Amino acid sequence: MSEKTHRTTRIVSVVAATTIALACGTNYAYSAWAPQFADRLQLSAVQSNIIGTAANLGMYASGIPMGIVTDKRGPRPSALIGSVALAAGYFPIRLAYDRGAMSVALITFCSFLTGVGSCAAFQASLKVSALNWPHHRGTATAFPLAAFGLSAFFYTIVSRFAFAGNTSSLLLFLSLGTSCLVFVSVPFLAVVDHTTRYVVLPTTEDFSHPTRRDSNQLHRTKSGGSKHSASILPRQEPNITGLALLPRIDFWNLWMLCALLTGVGLMTINNIGNDAQALWAHYDDTASKDFIAKRQLMHVSIISFLSFLGRLASGVGSDVLVKRLHMSRFWCVLTSAAIFALAQFCGARIENPNHLWAVSGLTGLAYGALFGVFPALVVDAFGVGGFSVNWGFMTLAPVVSGNVFNIWYGAIYDAHSDVGRDGDRACAEGLACYRSAYWVTLVSSVLGILVCLWCIKHEHSAKSKDIQDDHREA
């Protein structure tokens, strides 16, 4: 393979991975159709949150099995599984809406399938990007990660102009659009061989630990350094995966960060529609359902677009931090945690629905910044060989925190809601409908900041020890 063909193949594969990722973030558009769906099927806030949480559960709990498929069989089978599961999940949900009846258990299962499909296809896109650009992983994975964040924005904007206010058409669009977008991109998911044509000098990477590459990869040779420092050979990249992760403190550091912060983001992502509905019902009782539905779509779009920007900035920015400023990628996570904390404070204080954009915007930006850098942190720590399985372990964290915060929100909202004679539920108390939930997630955000600071300190201490060991060996 010529160098030109080699590079073209890698570029095409990233474009295909980015296209696939655009179909994988539609679970975050749940708030765009959840209130209308709940009204039609007369679901409580807890039931609606269980359905939304099932999609998140499918997305995150299937990470390990889908990771095994991706690592063992390659990205294409995983992407095909994703294409089928997305169609099998969304289309029955659309039928349930049209018929106005279906058991909550079956709807929940279909929602779970949409999460499994998103996970399988997204695993494939990340794996291809990480493998094909081994020395620019933060930047390479930033593109599919950004597209993932933009997914909800893309589908809600198209639906707003193509079939405004038509929830049935939106669900049909999600069913066909996501499945077909993944399917047509599968042939272009190619992994290239770097061992023969693509070689980068080892002095641009930090191999200072035999089983770990931390996220701050310093140049090991500097002008004026000793002749020994210039001749230090690169050590093998770590290849830690599966149960071997469990005894490692760096795994638990990352897992804890993921748990504390993703659950915070998922609560608002799944419930921004309820936030808008409660605030508008209290602020202006003449606001029509159609008007509120448009505002809900607007907030979903804001979350998605800011998530896109956050993922792109964090992924590319983390590479700049490492390669040019010789700093840790964890500073991107710290920034995300601080923005999350500000978003929760706004969520607990804003009573005017016209200002709710601050909650949706900050949440999208923080969530995007978190996931824009996290895959690169996982690869740095444990290697790319078992990345898909390792990412699956990481995504178990949101299963725990996402469930807790979403069900907590639903319970609070239901406690303030009135049930009409026809079974419809509504809360007209405004901010009081859900404010307590945001105080809880504010605490989680602050804990995330503290854990992140500890991670930066731990990484710096480990790096200093490794450098001292290298000097002794030299």
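Residues numbered from 1 in each chain as written. Predicted model: local features only at pLDDT ≥ 70, side-chain atom pairs only at ≥ 80, totals over all residues. Heavy atoms only, no water.

As named in an unreviewed UniProt entry, the protein chain is MFS general substrate transporter, taken from Lophium mytilinum. Taken verbatim from the UniProt record of the protein chain, the Subcellular location (unreviewed entry) comment is "Membrane". (UniProt positions renumbered as here; feature names shortened; annotations may be inferred.)

Asks: Can you tell me about the packing of aromatic side chains, naming the residues and giving the values?
Replies: With the rule as written, the count across this model stands at 22 aromatic pairs. When the ring of Trp280 is compared with that of Tyr283, the centres are 5.8 Å apart and the planes differ by 85°; the resulting orientation is edge-to-face. Of the two residues, Trp280 and Tyr283 are both situated in helix α10 (residues 249-283); the distance of three residues between them amounts to about one turn of the helix. For the pair Phe371 and Trp391, a centre-to-centre distance of 6.1 Å together with 80° between the ring planes defines the contact as edge-to-face. Within this pair, whereas Phe371 is found in helix α13 (residues 357-382), its partner Trp391 is found in helix α14 (residues 387-394), the two being separated by 20 residues in sequence. Since its relative accessible area comes to 5%, Trp391 is described here as buried. (Phe/Tyr/Trp six-rings, centres within 6.5 Å; stacked < 30°, edge-to-face > 60°. Helix = DSSP H or I, 4+ residues; strand = E, 2+ residues; numbered from the N terminus. Buried < 20%, exposed > 50% of the residue type's maximum accessible area, 1.4 Å probe, protein only.)

Asks: Go over a nonpolar patch on the surface with me, naming the residues and quoting the values.
Replies: Residues Val443, Val446, Leu447, Leu450 and Leu453 make up a contiguous nonpolar surface patch of about 420 Å² in total accessible area. Inspection of the secondary structure assignment puts Leu447 in helix α16 (residues 435-473). Taking the relative accessible area as the measure of exposure, Leu447 reaches 41% and is therefore partly exposed. (Patch = residues over 30% accessible without salt bridge, like charges linked within 9 Å, V, L, I, M, F, W, Y side chains within 5 Å. Areas by Shrake-Rupley, 256 points an atom, 1.4 Å probe, with all protein chains shown as cover. Salt bridge = Lys/Arg side-chain N within 4 Å of Asp/Glu carboxyl O.)

Asks: Before we move on, can you summarise the nonpolar core with the specific residues and values?
Replies: Soluble, globular proteins show a tendency: their nonpolar side chains are buried together. Core analysis: the largest hydrophobic core is formed by 124 residues, its most contacted members being Phe37, Phe374 and Tyr434. The leading source of residues in this core is α10, at 16 residues. Built from parts of two domains, this core gets at least three residues from each of domain 1 (1-193) and domain 2 (239-468). (Core = buried A, V, L, I, M, F, W, Y, C linked by side-chain atoms within 4.5 Å. Domains from an automatic or database assignment.)

Asks: Please set out the layout of surface pockets residue by residue, giving values where relevant.
Replies: One number sums up the size of the largest pocket: a volume of about 590 Å³. Elements with a contribution of two residues or more to the lining of the largest pocket: α2 (30-41), α8 (167-185), α10, α11 (289-323) and β2 (425-426). Among the elements that make up the lining of the largest pocket, the one with the highest residue count is α11 (six residues). Split by residue class, the lining of the largest pocket holds 15 nonpolar, seven polar and eight charged. For the lining of the largest pocket, the two domains that each supply at least three residues are domain 1 (1-193) and domain 2 (239-468). (1 Å grid on protein atoms, 1.4 Å probe; cavity = no way out; pocket = protein on both sides within 12 Å on 5 of 7 lines; lining within 4 Å. Points joined across faces, edges and corners; volume = space filled by probe spheres on them. Nonpolar A, V, L, I, M, F, W, Y, C, P; charged D, E, K, R; others polar.)

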